[in-house]
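Structural overview
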Amino acid sequence: MYAVLTPATACRALREAGFPHPAEALHIDAREERWAVTLPDGHIAWFPASEAGATRIAVERRVLSLLAKRCSFRVPEMLFVSNSGFDVRRMVPGRCDPWGLYRRCQADRRLARKIGRAIGQILVEQHTRIVEADATGWLRERVPWPETSTWISERLPRVIDDRGLIRALTGVIDEYEGMAVDAADRALVHGDLGLHNLALDQADAVNGVFDYDGAAWADRHHDFRYLLFDVGREDMLDAALRIYEPAVERSLDRNRIRLYNACATTFLAFRAGVPLEQKSCGRTLVEDLQWVRTALAKLAN
């Protein structure tokens, strides 16, 4: 384990693995029981900070292996796996500018549909080419978020003082926790599939997907929840489903997708203890409130 990872330690381990780079060329980020080390040549290394982190890295590595063997879209490519638990991957080539792409898709319906079609095709492969037997016994059966109703209820009053909004948001989580999921709706889901985990080329074609740390054998509707924006239209979701539903011969429940989108309540609860002016998970308090209020309005329609 690497409870503390210094540039010198990472440099030495990577050099021994065949990736010689000076310590000053490495960029190290702490990522939930793991260390992400960005290398200067389009590679990334993941080091475990704990036993839990080692398990997370190993599970994601197994997911990526399945996807690489069965699917045509690109995911991070495994280059090296060490005996101590760290690995080195080739990142999906392309640019990732989620906030810029988000704003462009809000304004440009054609671009939103283009991205939606690409995601729809990716999910056709991901949800059909890996079967339950591939995941049994090692892959979780619940996506990492939302957190539980109890966890959220304890934190929301420390973030907002609107009791009506708090009741509505905890009601969403209660509905989510009571949702029965048919076995036929379960598939290998990414768990966090959004613009922040897509790599695009200069023509805005989707090169591939990364960050399968939240993967689960769970309800396929989860992989569509980020395709809803805080505008009246649902261009990206419409485009994705027009590709996806005929290919998998299954209709998805838009209200369930909207419910899962409203579970962004978790991100609002994450703000407990965070200064009002500070961003959390990349968003301001105003942006988080706009998300959940728009999501609630979509559910009410």
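Below: a short report on this structure. Just so you know, these numbers come straight off a predicted model, no measurement behind them. (Residues numbered from 1 in each chain as written. Predicted model: local features only at pLDDT ≥ 70, side-chain atom pairs only at ≥ 80, totals over all residues. Heavy atoms only, no water.)

**Observations regarding the packing of helix 4 (residues 109-129) against helix 8 (residues 235-248)**
Put simply, the rule is: The axes used here are C-alpha line fits, helices contributing only the stretch in contact, and every angle between their N-to-C directions lies in the interval 0 to 180 degrees. Each helix corresponds to a stretch of at least 4 residues labelled H or I by DSSP, and each strand to a stretch of at least 2 residues labelled E; elements are numbered beginning at the N terminus. In this scheme, a crossing is called left-handed if the near helix is turned counterclockwise away from the far one by less than a right angle; it is called right-handed if the turn is clockwise. For this classification, Asp, Glu, Lys and Arg are treated as charged, while Ala, Val, Leu, Ile, Met, Phe, Trp, Tyr, Cys and Pro are nonpolar and the rest, including Gly, are polar.
At a closest axis distance of 7 Å, the pairing of helix 4 and helix 8 adopts a crossing angle of 30 degrees. Considering only the axes of helix 4 and helix 8, their crossing is right-handed. Within the contact of helix 4 with helix 8, the residues separate by chemical class into 12 nonpolar, five polar and four charged.

**Focus: the environment of Thr265**
Put simply, the rule is: Think of it in three bands: with a 1.4 Å probe and only protein chains considered, a residue is buried below 20% of the maximum accessible area for its type, exposed above 50%, and partly exposed in between. Residue contacts are counted whenever heavy atoms from the two residues lie within 4.5 Å of one another.
Of note, Thr265 is situated in helix 10 (residues 265-269). Taking relative accessible area as the criterion, Thr265 reaches 0% and is therefore assigned buried. C-alpha of Thr265 to C-alpha of Val172: the two residues are 93 residues apart in sequence and 8.3 Å apart in space. When near neighbours in sequence (up to four residues on either side) are disregarded, Thr265 contacts Ile152, Leu156, Leu169, Ile173 and Val292.

**Some details on the environment of Val75**
Tracing the chain through its elements places Val75 in the loop between helix 2 (51-70) and strand 4 (77-81). Among the residues examined, Val75 registers a relative accessible area of 10% and is labelled buried. In this structure the C-alpha to C-alpha distance between Val75 and Val92, which are 17 residues apart in sequence, comes to 5.9 Å. Here Val75 is in contact with Leu64, Leu67, Ala68, Val92, Val209 and Tyr212, once residues within four sequence places are set aside.

**A look at the sheet that holds strand 3 (residues 43-48)**
Selection criterion: Here the rule is simple: two strands pair whenever DSSP picks up at least two bridges between them.
Pairing within the open sheet is antiparallel, and its five strands lie in the order 1-2-3-5-4. Of all strands in the sheet, those bounded by a partner on one side alone are strand 1 (27-30) and strand 4. Taken over all neighbouring pairs, the strand axes of this sheet differ in orientation by 25 degrees on average, direction set aside. Across four bridges, the pairing between strand 4 and strand 5 (residues 87-90) is antiparallel. By the bridge assignment for strand 5, Val81 is matched with Asp87. Against the sheet, helix 1 (residues 7-16) makes contact with strand 1, strand 2 (34-38), strand 3 and strand 5, and its axis sits at roughly 110 degrees relative to strand 3, the strand it touches most. Contacts from helix 2 reach strand 2, strand 3, strand 4 and strand 5 within the one sheet, and its direction differs from that of strand 5 by about 35 degrees.

**A short note on helix 4**
Note the threshold: Expected helix span is given by 1.5 Å per residue-to-residue step, counting one fewer step than there are residues. Definition of a polar contact: a pair of N or O atoms within 3.5 Å, with one able to donate and the other able to accept a hydrogen when the atoms are protein atoms, and with sequence-neighbouring residues admitted only if both atoms are side-chain atoms.
Along its 21 residues, helix 4 runs 30 Å from first to last C-alpha, staying within 8% of the 30 Å computed at 1.5 Å per residue. Residues of helix 4 that are buried: Leu111, Ala112, Ile115, Gly116, Ile119, Gly120, Ile122, Leu123, Val124, Glu125, Gln126 and His127. Sitting at the head of helix 4, Asp108 places a side-chain oxygen 3.1 Å from the backbone nitrogen of Arg110.

**Examining the layout of surface pockets**
Note the cut-off: A pocket, in this scheme, is an open set of points on a 1 Å grid over the protein atoms alone with protein on both sides within 12 Å along at least 5 of 7 lines, while a cavity is a set where a 1.4 Å probe fits but cannot get out; residues line either one if an atom lies within 4 Å of a point. Grid points are joined across faces, edges and corners, and a volume is the space filled by probe spheres set on the points.
The computed volume of the second largest pocket comes to approximately 170 Å³. Of all the secondary-structure elements, those providing two or more residues to the lining of the second largest pocket are helix 7 (163-177) and strand 9 (216-219).

**Quick word on the pairing of strand 1**
Pairing analysis gives four bridges linking strand 1 to strand 2, with the strands arranged antiparallel. Pairing of Asp29 across the sheet is with Ala36, part of strand 2. Once strand 1 ends, the chain turns through three residues before running back antiparallel as strand 2, passing Glu32 with a positive phi of about 45 degrees.

**So, the nonpolar core**
So the rule is basically this: Side-chain atoms within 4.5 Å link the members of a nonpolar core, which is a set of buried Ala, Val, Leu, Ile, Met, Phe, Trp, Tyr and Cys residues.
Judged by nonpolar contacts, the single largest core of 43 residues is most densely connected at Leu67, Ile115, Leu198, Tyr212, Phe224 and Met236. If you list the elements that add at least two residues to this core, you get helix 2, helix 3 (98-107), helix 4, strand 7 (198-200), strand 8 (206-209) and helix 8. Ranked by residues supplied to this core, first place goes to helix 4 with seven residues. Ranked by size, the runner-up nonpolar core spans 31 residues in total, among them Val143, Ile160, Val172 and Ala272.

**Observations concerning empty space enclosed by the protein**
Considering all chains together, one arrives at two cavities of 30 Å³ or more under this definition. Considering only enclosed or pocket space, the largest cavity measures out at about 60 Å³ in volume. Every residue lining the largest cavity is counted, 10 residues in all, and those nearest its centre are Phe229, Arg233, Glu234, Asp235 and Met236. Of the residues in the lining of the largest cavity, the class split is seven nonpolar, no polar and three charged.

**Remarks on the pattern of salt bridges**
Selection criterion: In what follows, salt bridge is the name for a side-chain nitrogen of Lys or Arg lying within 4 Å of a carboxyl oxygen of Asp or Glu.
Per the stated rule, a full pass over the model turns up 26 salt bridges. For Arg95, the salt bridge goes to Asp204, with nearest N and O atoms at 2.5 Å. Highlighted residues: Arg95 in the loop between strand 5 and helix 3 and Asp204 in the loop between strand 7 and strand 8, separated in sequence by 109 residues. We classify Asp204 as buried; its relative accessible area is 11%. A salt bridge links Glu234 to Lys298, with the nearest nitrogen and oxygen atoms 3.6 Å apart.

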